[in-house]
Amino acid sequence: MTIRSVVKHSLAGMLHFTGALTIYSKKKLDNRGLVLMYHRVLEDAEQSPFPLQPGMYVRKASFEAQMSFLQNHFIIISLQEMVCRLEAGEDMTRCCSITFDDGWKDNYEVAFPVLKRLGIPTTIFLTTGYIGTDRWFWPDEFSWCLSVLWERNMMRELPREIGDLLPRKGSLEQVTDTVIEGLKLYHPDERDDLVRRIRSLCPGIPCDRLMMNWSEARTMLDSGVVAIGSHTVEHQLLHQLEPENIDREIATSREDIQRNLHVDATLFAYPNGDFNQVVKTILANHGFSGAVTTMRGYVTHTTPRLEMPRIGIHDDVSNTPPLFYSRILLNSF
């Protein structure tokens, strides 16, 4: 644990147990709602076949504690109800909505039993081109390949463009996270080429299914606690695409959900949180009622329905109730 982490743990504990966070929340959350963003919930992160970006997961124990905390301190509503309250100008004080991005299998296997037992409404945004397949997202493929090259002392074999992104020092997890964030800035064609080149150095990527299938999505939907939203087909960063490709990603994802689950997905999550006016216009033309970003903040009556902010929750910054509450209320956490 770093010095910074120790300081945050200590400060969060002091603010929580003295009641300072509770007092502050009364002002901070007055007529404000919040949307929490999750990706993965894991029994044991150490069993992952590749290094996980810290922002991608919480452990099951942390998740259970967080859901119980929210039930005791917030009014948990569905994201669709949050949109309805926003449109109607209704009070949103301490209202909270839970969302998951991508459609990971562990959402079904680990998170869903907790959500069902506690009756917590949740929206899961599906990247439909991956549902029911053994495909991996490119960051996961890259993470696996980098871990192989690291273990084999073959980092010098990396393409020059990737080598230029490598930090001078750090753990494998830190190096992986830094390079992935750097690669997101590349044009999609250039990024795909680089990922193909590094994949050629590490044949034999495992075929473990990481994403849920349509039957699992159907089971969650039928439970009444899970709603399904759209997260595109291929998880492309939409602001990097031409308008016709943006339209295809958005429209086809919604069609996939309609065909497989027989529901109309009217809520959308921007991949990586990236969007521009063109993307918003296309969403509006397709009749989406709301869209969530990765911009940190709260939902107020001035929040545009297609620019709803969220607070990202992951284990390294929220694995105790004081840290979780601080993460919700304080920008420095």
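The text that follows walks through the structure, step by step, so that each part is easy to find.

The rules behind these values
Residues numbered from 1 in each chain as written. Predicted model: local features only at pLDDT ≥ 70, side-chain atom pairs only at ≥ 80, totals over all residues. Heavy atoms only, no water. Helix = DSSP H or I, 4+ residues; strand = E, 2+ residues; numbered from the N terminus. Rg over C-alpha atoms; globule rule 2.2 N^0.38 Å. Buried < 20%, exposed > 50% of the residue type's maximum accessible area, 1.4 Å probe, protein only. Contact = heavy atoms within 4.5 Å. Lys, Arg positive; Asp, Glu negative; His and termini not counted. Charge placed at Lys NZ, Arg CZ, Asp CG, Glu CD. Disulfide = S-S within 2.5 Å. Core = buried A, V, L, I, M, F, W, Y, C linked by side-chain atoms within 4.5 Å. Pairing = 2+ DSSP bridges. Right-handed = clockwise from strand over helix to strand, strands pointing away. Polar contact = N/O pair within 3.5 Å; in protein donor to acceptor, adjacent residues only side chain to side chain. Axes fitted to C-alpha atoms, helices over the stretch in contact; angles between N-to-C directions. Parallel < 35°, antiparallel > 145°, perpendicular 65-115°, else oblique. Left-handed = near helix turned anticlockwise from the far one by under 90°. Nonpolar A, V, L, I, M, F, W, Y, C, P; charged D, E, K, R; others polar.

In this section: the overall build of the protein chain. Assigned secondary structure in the protein chain consists of 14 helices and 10 strands. The C-alpha atoms of the protein chain give a radius of gyration of 20 Å, which matches the 20 Å a tight globule of 333 residues would have. In terms of overall dimensions, the protein chain has C-alpha extents of about 55 × 50 × 35 Å along its principal axes. Scored against the burial criterion, the 333 residues of the protein chain give a buried share of 53%. Residue pairs at least 24 apart in sequence account for 70% of intrachain contacts in the protein chain once pairs closer than 6 positions are excluded. For the protein chain, the separation between the mean place of its 35 positive charges and that of its 42 negative charges on side chains is 6 Å.

Enumeration according to the criterion identifies zero disulfides in this entry. Cys-95 forms no disulfide, and the closest cysteine sulfur to it belongs to Cys-96, at a distance of 8.9 Å. Counting only cysteine sulfurs, Cys-145 is the nearest neighbor of Cys-202, a cysteine outside any disulfide, at a range of 4.2 Å.

Residue Asp-102 is not a glycine yet carries a positive backbone phi of 100 degrees. You can see Asp-102 is positioned in strand β5 (residues 95-102). Here the phi dihedral of Thr-232 falls at roughly 75 degrees; this positive angle occurs in a residue that is not glycine. Position of Thr-232 relative to the elements: it lies in the loop between β7 (226-230) and α11 (243-261). Under the relative-accessibility criterion, Thr-232 is labelled buried at 0%.

With that out of the way, let us pick up the nonpolar core. Counting residues in each nonpolar core, the largest one holds 49 residues, and the members touching the most others are Leu-36, Tyr-38, Phe-63, Met-67, Leu-70 and Ile-98. When residues in this core are grouped by element, the largest group, six residues, is from helix α5 (residues 105-118). Residues Trp-104, Tyr-130, Phe-137 and Ile-162 belong to the second largest nonpolar core, which totals 32 residues.

The element strand β6 (residues 122-126) is largely enclosed, with a buried count of five among its five residues. Of the two faces of β6, the one holding Thr-122, Ile-124 and Leu-126 and the one holding Thr-123 and Phe-125 are both buried throughout. The pairing of β5 with β6 spans five bridges and is classified as parallel. The residue of β6 that forms the bridge with Phe-100 is Ile-124. Running through α5, the crossover from β5 to the neighbouring parallel element β6 is right-handed. Note: β6 against β7, five bridges, orientation parallel. If you follow Ile-124 over to β7, its bridge partner there is Ile-228.

Time to look at the environment of Gly-273. Note on placement: Gly-273 falls in the loop between β8 (267-269) and α12 (277-285). Judged by relative accessible area, Gly-273 falls into the buried class, the value being 10%. Sequence-wise, Gly-273 and Met-295 are 22 residues apart; in three dimensions their C-alpha atoms are separated by 7.1 Å. Other than its neighbours up to four places away in sequence, Gly-273 contacts Thr-293 and Thr-294.

By secondary structure assignment, the location of Arg-85 is in helix α4 (residues 79-88). Assessed through its relative accessible area of 18%, Arg-85 is described here as buried. Within the local environment of Arg-85, its side chain forms a polar contact with the backbone oxygen of Asp-91, the two atoms lying 3.0 Å apart. Apart from the residues lying within four places of it in its own chain, the contact partners of Arg-85 are Ile-77, Glu-90, Asp-91, Met-92, Cys-95 and His-301.

Between helix α6 (residues 138-151) and helix α8 (residues 172-183), whose axes approach to 10 Å, the crossing angle comes to 140 degrees. What the angle tells us is that α6 and α8 run oblique. Of the two elements, α6 crosses α8, and the hand of that crossing is right-handed. Where α6 abuts α8, its residues Trp-138, Pro-139, Phe-142, Ser-143, Leu-146, Ser-147 and Trp-150 lie against Leu-172, Val-175, Thr-176, Val-179, Ile-180 and Leu-183. Per-class residue counts for the contact of α6 with α8 are 10 nonpolar, three polar and no charged.

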